[in-house]
Amino acid sequence: MDDRDPKSLKRTRGGRERLLHVAAELFNTNGLAATSLQMIANQLGVSKAALYYHFRSRDDIVEALMAPVIADASEGAGRFNLLAPELRPAAARAFYTDFVVIHRKVIHMVFFDRKAMPGDLPRRVDTLADSVACALAGSPGVSAEAAGTVLVYGIAALVARHPELSDRDLRDLVGGVFNTLMVPEGAQAATASGLVR
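1. Re the packing of helix α9 (residues 142-161) against helix α10 (residues 167-181)
- It is at 11 Å that the axes of α9 and α10 come closest, and there the two elements cross at 150 degrees. When the axes of α9 and α10 are compared, the pair comes out roughly antiparallel. The two elements α9 and α10 cross, and the hand of that crossing is right-handed. Only L170, L173, V174, V177, F178 and L181 of α10 make contact with α9, whose side of the interface consists of L151, I155, L158 and V159.

2. Overview of the packing of aromatic side chains
- Scanning all chains against the criterion turns up seven aromatic pairs.
- When the ring of Y96 is compared with that of F99, the centres are 6.1 Å apart and the planes differ by 15 degrees; the resulting orientation is stacked. Of this pair, Y96 and F99 both sit in helix α6 (residues 88-102), three residues apart, which is roughly one turn of the helix.
- Owing to a relative accessible area of 1%, Y96 belongs among the buried residues under this scheme.
- A relative accessible area of 6% places F99 in the buried class.
- In textbook terms, an aromatic cluster arises when at least three aromatic residues are bridged by ring pairs, as seen for F80, F95, Y96, F99, F111, F112 and Y153.

3. Quick notes on the nonpolar core
- Judged by nonpolar contacts, the single largest core of 57 residues is most densely connected at I40, I61, M66, Y96 and F111.
- The biggest single contributor to this core is helix α5 (residues 58-81), with 10 residues.
- Setting aside chain neighbours within four positions, we find I61 in contact with L19, L20, A23, F27, L37, I40 and F55.

4. Some details on the side chain of H103
- Checked against the element boundaries, H103 lands in the loop between α6 and α7 (107-112).
- In this structure H103 touches P68, V69 and D72, once residues within four positions along its chain are discounted.

5. Description of helix α3 (residues 37-44)
- All of the buried residues in α3 are L37, I40, A41 and L44. Around the axis of α3, the buried residues are gathered within 100 degrees of arc, so they sit on the same side.
- A positive phi of about 75 degrees marks G45, the residue just after α3.

6. Some details on the environment of P85
- As for its placement among the helices and strands, P85 is situated in the loop between α5 and α6.
- A C-alpha to C-alpha distance of 6.5 Å links P85 and G138, two positions 53 residues apart in sequence.

7. A word on the environment of E164
- Within the secondary structure layout, E164 lies in the loop between α9 and α10.
- A residue is classified by how much of its surface remains accessible, and E164, at 57% relative accessible area, is exposed.
- Among the polar contacts made by the side chain of E164, one reaches the side chain of H162 at a distance of 3.1 Å.

8. What to know about the packing of helix α8 (residues 121-137) against α9
- In contact at an axis separation of 7 Å, α8 and α9 are set at 120 degrees when each is read in the N-to-C sense. Judged by the twist between their axes, the crossing of α8 over α9 is right-handed. Of α9, the residues touching α8 (which contributes D126, A129, V132, A133, C134, L136 and A137) are A144, E145, G148, T149, L151, V152 and Y153.
- Residue composition of the contact of α8 with α9, by class: 10 nonpolar, two polar and two charged.

Conventions we followed
Residues numbered from 1 in each chain as written. Predicted model: local features only at pLDDT ≥ 70, side-chain atom pairs only at ≥ 80, totals over all residues. Heavy atoms only, no water. Axes fitted to C-alpha atoms, helices over the stretch in contact; angles between N-to-C directions. Helix = DSSP H or I, 4+ residues; strand = E, 2+ residues; numbered from the N terminus. Parallel < 35°, antiparallel > 145°, perpendicular 65-115°, else oblique. Left-handed = near helix turned anticlockwise from the far one by under 90°. Contact = heavy atoms within 4.5 Å. Phe/Tyr/Trp six-rings, centres within 6.5 Å; stacked < 30°, edge-to-face > 60°. Buried < 20%, exposed > 50% of the residue type's maximum accessible area, 1.4 Å probe, protein only. Core = buried A, V, L, I, M, F, W, Y, C linked by side-chain atoms within 4.5 Å. Arc of directions from axis to C-beta. Polar contact = N/O pair within 3.5 Å; in protein donor to acceptor, adjacent residues only side chain to side chain. Nonpolar A, V, L, I, M, F, W, Y, C, P; charged D, E, K, R; others polar.

Okay, here's the thing in structure tokens:
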């Protein structure tokens with residue numbers, strides 16, 4: 001069978017998954033807006049028509065890539081938001097570490113290419129990122145929420161910059177960032193009072 005046969009992608013074991021994997025790589029490399037269906041087809045070695053067996057448009061591919069991301073983030077946010085406020089930062093930290101490792105292939109697209117996403121995906125991503133940031137902050141207030149936001153986006157940027165790391169090394173790196181930047185509230189107060197003197 002010719003590789004350009006439109007049926008080759010659908011007959012290939014895991015054709016949809018392979019298409020999504022290649023699309024994610026191209027989206028991360030080129031950005032959402034600059035990646036066309038033709039580029040995805042070329043990378044796969046199939047005709048553009050073969051892609052239509054699985055997806056009607058590039059936006060449908062983005063939606064398919066984002067569906068598990070949004071589902072996992074919604075579930076995680078729902079879980080840690082049910083906890084007592086003092087337990088939320090640790091739960092959010094554990095959740096976000098798992099989240100960025102599991103979704104590392106699309107993390108750049110999730111956090112830094114939202115404007116090119118279709119429909120209401122940008123708003124949904126913003127809402128979920130804010131929820132994680134607030135839970136990481138652990139206390140109300142603009143400065144605490146800003147610190148949580150810096151953690152969410154800073155860790156996302158770090159994950160996107162280091163695709164070569166194994167999952168274990170990435171977990172260690174994210175854990176190290178949290179250990180360095182998440183100072184318990186009592187220690188923050190002690191440090192601040194020590195600086196004032």
